[in-house]
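# Architecture and fold: a report
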Amino acid sequence: MNIKNPIFIIGTTRSGTNILYKLFTSHKDTAYFENYSSRFYKRPMMFRLIPLLKKYQKIRFKIDRPKTSEGWVWDRFYTPLEYLDESKVTEEIKNYYYNAIKYQLKAFNATRFVGSNPRNSMRVRWLNHMFPDAFFIIITREKKSVINSMYQLITKKRKKWGDKFLEPPSTLRGYGHAKKILGEDVSDMQTCIQWYELYRNTLNNDLPLVSDRTIHVKYEDFIKDYKNTIKKLYDFTNLKWYDEIEKQFMKHKVDLTRNERWKSLPDEQKKELLDYCKD
């Protein structure tokens, strides 16, 4: 089975990749990494069982399109902040991802694969080398809103998990790694700023390589006119529109008031954020 024109949705953490990903993975002709991919990510020989297991899941539990689960698969060989270019593609890695995607396509009876992971902001050249006909959708969001959203998530997790908020089963492994690499002696807000800056700058440096297969969308524009925007993105990536997909929009609709939540930050954190955004 050929892997033709995979679609990668890329943006910094908390930039709106999730909402786009949900609408693309709702399309009946797309496949994606789901729970079985994560369960077998260290045992790639088990990928071949995914079509059978998904068929059982559909018959037994009436689940046609299971939840997405990408993180463990993309972290199989590298860490979240590791920059990847062509030199990092080995035959082992190429075969691993080809097989992982191939069996998901078979399981979903689909012709297109969709991936979305903020780590891929550091991996455009790596992805392009493995999938030279891939499409890239780049979503950006007003930076105060992105950084504040990152900070609010970290704060929420700290309250829930206490001192163990970076240990399993907490879902902030990426933040824990970023904190360690970028500096444990800086504030959470500064870590979020540095993390955002690293992803954004790396992405901007590497995107010219794939400019002929890249489309950009602003989160704010998408929310204001989500139906026409998603139609435009489907058209760019050669996914056919069908009437039933419109029902998925109402499930995931969000509003722009989220972009103003940074205004409720404590004074110290608000100053850190505004000082950075002045530059």
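Residues numbered from 1 in each chain as written. Predicted model: local features only at pLDDT ≥ 70, side-chain atom pairs only at ≥ 80, totals over all residues. Heavy atoms only, no water.

### Side note on the overall build of the protein chain
- Per the secondary structure count, the protein chain includes 13 helices and five strands.
- When the backbone C-alpha atoms are referred to their principal axes, the protein chain occupies close to 55 × 40 × 40 Å.
- The proportion of buried residues among the 279 residues of the protein chain is 52%.
- Nonlocal contacts in the protein chain, meaning residues at least 24 apart in sequence, comprise 78% of its contacts between residues at least 6 apart.
- As presented, the protein chain carries roughly 14500 Å² of accessible surface, and 50% of it is formed by carbon and sulfur atoms.
- In the protein chain, 53 positive and 34 negative side-chain charges are present, and the distance between their average locations comes to 7 Å. (Helix = DSSP H or I, 4+ residues; strand = E, 2+ residues; numbered from the N terminus. Buried < 20%, exposed > 50% of the residue type's maximum accessible area, 1.4 Å probe, protein only. Contact = heavy atoms within 4.5 Å. Areas by Shrake-Rupley, 256 points an atom, 1.4 Å probe, with all protein chains shown as cover. Lys, Arg positive; Asp, Glu negative; His and termini not counted. Charge placed at Lys NZ, Arg CZ, Asp CG, Glu CD.)

### A word on a positive patch on the surface
- Together, Arg-14, Lys-22, Lys-156, Lys-160, Arg-258 and Arg-261 make up a positively charged patch on the protein surface.
- You can see Arg-261 is positioned in the loop between α12 (246-252) and α13 (267-277).
- The class for Arg-261 is partly exposed, based on a relative accessible area of 48%. (Patch = residues over 30% accessible without salt bridge, like charges linked within 9 Å, V, L, I, M, F, W, Y side chains within 5 Å. Salt bridge = Lys/Arg side-chain N within 4 Å of Asp/Glu carboxyl O.)

### Notes on the sheet that holds strand β5 (residues 214-218)
- Ordered in space as β2-β3-β1-β4-β5, the five strands form an open sheet in which the pairing is parallel. Lying at the two open borders of the sheet, with one neighbouring strand each, are β2 (30-31) and β5.
- Relative to strand β3 (residues 112-116), strand β1 (residues 7-10) runs parallel, the two being bridged by three bridges. Bridged to Ile-7 within β3 is Val-114. (Pairing = 2+ DSSP bridges.)

### Overview of the layout of surface pockets
- Taken as a whole, the second largest pocket encloses approximately 290 Å³ of empty space.
- In terms of lining, the second largest pocket is formed by 14 residues, of which the most central are Lys-54, Lys-58, Ala-107, Phe-108 and Asn-109.
- Taken together, the elements giving at least two residues each to the lining of the second largest pocket come down to α3 (50-61) and α5 (91-108).
- Counting residues per element, the lining of the second largest pocket draws most heavily on α3, which supplies six residues.
- A class-by-class count of the residues in the lining of the second largest pocket yields five nonpolar, two polar and seven charged. (1 Å grid on protein atoms, 1.4 Å probe; cavity = no way out; pocket = protein on both sides within 12 Å on 5 of 7 lines; lining within 4 Å. Points joined across faces, edges and corners; volume = space filled by probe spheres on them. Nonpolar A, V, L, I, M, F, W, Y, C, P; charged D, E, K, R; others polar.)

### Some words on the pairing of strand β4 (residues 135-140)
- Burial analysis of β4 places five of its six residues in the buried class, which makes it a mostly covered element.
- Pairing between β4 and β5: five bridges, direction parallel. The residue bridging Ile-138 from the neighbouring strand is His-216, located in β5.

### A short note on the pattern of salt bridges
- Tallying each qualifying case throughout the model produces ten salt bridges.
- Its salt-bridge partner being Arg-119, residue Asp-75 comes within 2.8 Å of it at the nearest N-O pair. With a gap of 44 residues between them, Asp-75 in the loop between α4 (71-74) and α5 and Arg-119 in the loop between β3 and α6 (124-130) connect regions that are remote in the sequence. Each member of the pair Asp-75 and Arg-119 is classed as buried.
- Residues Arg-123 and Asp-75 are paired through a salt bridge, measuring 3.9 Å at the closest nitrogen-oxygen approach. With Arg-123 in the loop between β3 and α6 and Asp-75 in the loop between α4 and α5, this pair connects stretches of sequence that are 48 residues apart.
- Residue Arg-123 is classed as buried on the basis of its relative accessible area, which comes to 0%.
- On the basis of relative accessibility, which here comes to 14%, the residue Asp-75 falls in the buried class.
- Each of Asp-75, Arg-119 and Arg-123 takes part in a single network of salt bridges with overlapping partners.

### So, unusual backbone geometry
- Phi at Arg-14 takes a positive value of approximately 70°, unusual for a residue other than glycine.
- Relative to the helices and strands, Arg-14 is located in the loop between β1 and α1 (17-25).
- A relative accessible area of 34% places Arg-14 in the partly exposed class.
- Positioned with a positive phi, Asn-238 is a non-glycine residue whose angle comes to about 65°.
- Here Asn-238 shows up in the loop between α11 (226-236) and α12.

It is worth stressing that arrangement in space is one thing and function is another; only the former is reported here.
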